[in-house]
Amino acid sequence: MSKNNDTEEQQRIRRILDGRSDEYGYFVRTYSAQVLDFVSRMVSDAGDAEELAQDAFVRAFRALRQFDGRSSWLTWVLRIAYHTALNHLKRQRQQWLSIDDLPLADTPDDLSTDREERIQQLDAAIGRLPADEQLLLHLYYYDDRQLRDIAYIMDAEPGLLATRLHRIRKKLLLMLKD
């Protein structure tokens, strides 16, 4: 986001806090697709994802006075969406695949199959990861976000996330060898 957008958004926030709540529509229109996409990576049901994305915007509106501008508004609302979706998943008590549940291969399989098959295998393995691990991979590798931004969103330390990424890659390798 450009510095001009940051300044414009800060001005909008001030106007909202001064009572012009109609200005909040800008944030919903501008970022709703990104927030929905983000939540959809954590929650598989499309209806739940839409509801949780809307809930994140409502929570962000209610907490707008707490926005301090240390991150972009989008990063801030993604952090709210992350915690909203995580709480939803905890309530659902979904069971996720653990690395302890993976059988260990005696010998490494030949992973040198054709490229398309390897991509499909990797996509399937990623799909079996817990939602927070899938999200971490997506934010880091697909969205090309910096660890400090991801750490803010996920409320974790960048070093911890770097370690988690390393462990997730190892887990994926085991899953692909299975």
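Note that this is a predicted model, so its numbers are computed, not measured.

Caption draft 1: Summary view of the packing of aromatic side chains. Tallied over the entire structure, the rule returns ten aromatic pairs. Arranged with centres 5.9 Å apart and planes meeting at 40°, the rings of tyrosine 24 and phenylalanine 27 form a pair that is tilted. Plain terms: the ring middles of phenylalanine 27 and tryptophan 73 are 4.5 Å apart, the flat faces sit at 35° to each other, and that makes the pair tilted. You can see phenylalanine 27 sitting in helix α2 (residues 25-40) and its partner tryptophan 73 sitting in helix α4 (residues 73-92), a full 46 residues away along the chain. Above the ring of tyrosine 26, the side-chain terminus of arginine 12 is found at 3.9 Å from the ring centroid. Its guanidinium or amino end placed over the ring of tyrosine 152, arginine 79 lies 4.5 Å from that ring's centre, counting from NZ or CZ.

Caption draft 2: Structural view of the pattern of salt bridges. Evaluated as defined, the whole model comprises 13 salt bridges. A salt bridge links glutamate 23 to arginine 20; the shortest N-O distance between them is 3.3 Å. The salt bridge partner of arginine 59 is aspartate 55, with a shortest N-O separation of 3.0 Å. With a gap of four residues between them, arginine 59 and aspartate 55 both fall in helix α3 (residues 46-62), about one helical turn apart. Looking at arginine 59, the relative accessible area reads 39%, which means it is partly exposed.

Caption draft 3: Expanded view of the confidence of the model for the protein. Averaged over all residues, the pLDDT of the protein is 83; the fraction at 70 or higher stands at 85%. Of all secondary-structure elements in the protein, the lowest mean pLDDT belongs to helix α5 (residues 115-127), at 83, while α2 reaches the highest, 95. Confidence drops under pLDDT 50 across residues 94-113; counting only partners more than four residues distant or on other chains, this segment forms 28 contacts.

Caption draft 4: Local environment of the environment of glutamine 134. Residue position: glutamine 134 is located in helix α6 (residues 131-142). Along the primary structure glutamine 134 and arginine 41 are separated by 93 residues, whereas in three dimensions their C-alpha atoms are 7.3 Å apart. Not counting residues up to four positions away in its chain, the partners in contact with glutamine 134 are Arg41, Ile126, Gly127, Arg128 and Leu129. Within the structure, the side chain of glutamine 134 is placed 2.7 Å from the backbone oxygen of leucine 129, a separation counted as a polar contact.

Caption draft 5: Examining unusual backbone geometry more closely. Positive phi, normally seen in glycine, also occurs at aspartate 144, with a value near 55°. Secondary-structure assignment places aspartate 144 in the loop between α6 and α7 (147-154). At aspartate 155, a residue that is not glycine, the phi angle is positive and equals roughly 55°. Relative to the helices and strands, aspartate 155 resides in the loop between α7 and α8 (158-177).

Caption draft 6: Structural view of a nonpolar patch on the surface. A surface patch of nonpolar side chains, amounting to about 330 Å² of accessible area, comprises Tyr140, Tyr141 and Tyr142. Relative to the elements of secondary structure, tyrosine 140 occurs in helix α6. Owing to a relative accessible area of 30%, tyrosine 140 belongs among the partly exposed residues under this scheme.

Conventions we followed
Residues numbered from 1 in each chain as written. Predicted model: local features only at pLDDT ≥ 70, side-chain atom pairs only at ≥ 80, totals over all residues. Heavy atoms only, no water. Phe/Tyr/Trp six-rings, centres within 6.5 Å; stacked < 30°, edge-to-face > 60°. Helix = DSSP H or I, 4+ residues; strand = E, 2+ residues; numbered from the N terminus. Lys NZ or Arg CZ within 6 Å of the ring centre and 35° of its normal. Salt bridge = Lys/Arg side-chain N within 4 Å of Asp/Glu carboxyl O. Buried < 20%, exposed > 50% of the residue type's maximum accessible area, 1.4 Å probe, protein only. pLDDT = per-residue confidence, 0-100. Contact = heavy atoms within 4.5 Å. Polar contact = N/O pair within 3.5 Å; in protein donor to acceptor, adjacent residues only side chain to side chain. Patch = residues over 30% accessible without salt bridge, like charges linked within 9 Å, V, L, I, M, F, W, Y side chains within 5 Å. Areas by Shrake-Rupley, 256 points an atom, 1.4 Å probe, with all protein chains shown as cover.

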